[in-house]
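If you want the building blocks of each chain, they are given just below.
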Amino acid sequence: NLTNTWNMVDQYIIERLIPHDSVLEQVLAANQQAGLPPYDVSPNQGKLLNLFAQMQGSQRILEIGTLGGYSTIWLARALPLGGQLVTLELDPVHAQVAKANISLAQLDDIVDLRVGDALDQLAQMDFEGVAPFDFIFIDADKPNNPNYLKWALHFSHPGTVIIGDNVIRDGEVINENNQDPRVEGVRKFYDLLADESRITATAIQTVGSKGYDGFVLGIVTS
Ligand code: SAM
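Since we're looking at a predicted model, the values are computed, not measured. (Residues numbered from 1 in each chain as written. Predicted model: local features only at pLDDT ≥ 70, side-chain atom pairs only at ≥ 80, totals over all residues.)

Colleague: Please explain the sheet that holds strand β2 (residues 84–89) as it appears in this structure.
Modeller: Strand pairs in the sheet, formed through backbone hydrogen bonds, run parallel or antiparallel to each other. Strand order in the open sheet formed by 7 strands is β3-β2-β1-β4-β5-β7-β6, with mixed pairing between adjacent strands. The sheet terminates laterally at β3 (111–115) and β6 (199–206), the two strands that pair on one side only. Between one strand axis and the next, the sheet turns through 15 degrees on average, direction left out of account. Pairing of strand β1 (residues 60–64) with β2, which is carried by 5 bridges, proceeds in the parallel orientation. Counterpart to R60 in the pairing with β2 is Q84. Across the sheet, helix α5 (residues 92–104) lies against β2 and β3, angled at about 165 degrees from β3, the strand it touches most. Seen against the sheet, helix α7 (residues 145–154) touches β1, β4 (135–138), β5 (161–165), β6 and β7 (213–220) and runs at an angle of roughly 170 degrees to β4. (Pairing = 2+ DSSP bridges. Helix = DSSP H or I, 4+ residues; strand = E, 2+ residues; numbered from the N terminus. Axes fitted to C-alpha atoms, helices over the stretch in contact; angles between N-to-C directions. Contact = placed C-beta atoms within 7 Å.)

Colleague: When you look at the environment of Y190 in this model, what are you seeing that I'm missing?
Modeller: Relative to the helices and strands, Y190 resides in helix α8 (residues 181–195). A count of 17 C-beta atoms within 10 Å places Y190 in the partly exposed class. In this structure the C-alpha to C-alpha distance between Y190 and N145, which are 45 residues apart in sequence, comes to 9.5 Å. (Buried ≥ 20, exposed ≤ 12 C-beta atoms within 10 Å, placed from the backbone.)

Colleague: Can you help me understand the site of the ligand in this one?
Modeller: Around the ligand lies a shell of 18 residues, among which D40, G65, S71, A118 and D141 are the nearest. Elements with a minimum of two residues in the shell around the ligand: α4 (70–76) and β2. By residue class, the composition of the shell around the ligand is 8 nonpolar, 4 polar and 6 charged. (Near = placed C-beta within 6 Å. Nonpolar A, V, L, I, M, F, W, Y, C, P; charged D, E, K, R; others polar.)

Colleague: Help me understand the pairing of β4, please; the structure alone is not making it clear to me.
Modeller: In the case of a regular strand, side chains alternate between the two sheet surfaces. With burial as the criterion, each face of β4 is covered, one bearing F135 and F137 and the other bearing I136 and I138. The sheet contact formed by β1 and β4 spans 4 bridges and is parallel. Of the residues in β4, the one forming a bridge with E63 is F137. In this sheet, β5 lies alongside β4 in parallel orientation, the contact comprising 4 bridges. Bridging across to β5, I138 finds its partner in G164. Chirality of the crossover, the property in question, places the unit of β4, α7 and β5 among those that are right-handed. (Right-handed = clockwise from strand over helix to strand, strands pointing away.)

Below you can see the structure in the form of structure tokens.
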């Protein structure tokens, strides 16, 4: 069946293009052992994020939705010396697992993990006068995607890259009868992107070990 093919092709890609990495393998094992939901990006998606950040020459990265820090580690590894990554996580258990994983990856000095509701954290960061980010990955609770996009723009400069995950949702995004708040959040996210003149964006459908989904990719223009 299709899902099986997607899995096997992901495996084919990973075997050829993504070298074994004992840290990342231990991180996934630790997440599983701690009972975290398997919502981390796949290895080839993690590497895609890493490559995007390198292509852009990102020095400051913001991630909304840490889980166990798997995508955090892929992204933080793209940073040059002196780079910084701020990641936001609501669930204290997820954050605790992520903290241990980030230490295992020896990224404590680069990653600032903030625990609490992301909207509160973002307001607090605004209060603190945190500098804008070059690259922003939105991957938390989907109903809040429109709010996260507003904050992402607030913490952007012209040239900032904004990526939002899970914006296809098995194609449910076009199913008008589906009123799942996550699907509706994603639709509002598209609407906001369409209306927002400060960002130019596209979305890409993806298949693989994480099923049929996709991501939005945009660049802030002004
Ligand atoms: N980016 C991670 C990765 O690829 O490894 C996966 C993140 S997972 C899809 C979403 C995470 O967002 C979960 O850990 C969840 O606890 C967190 N989350 C949900 N609501 C949140 C909120 N209001 N503020 C901050 N984090 C939230």
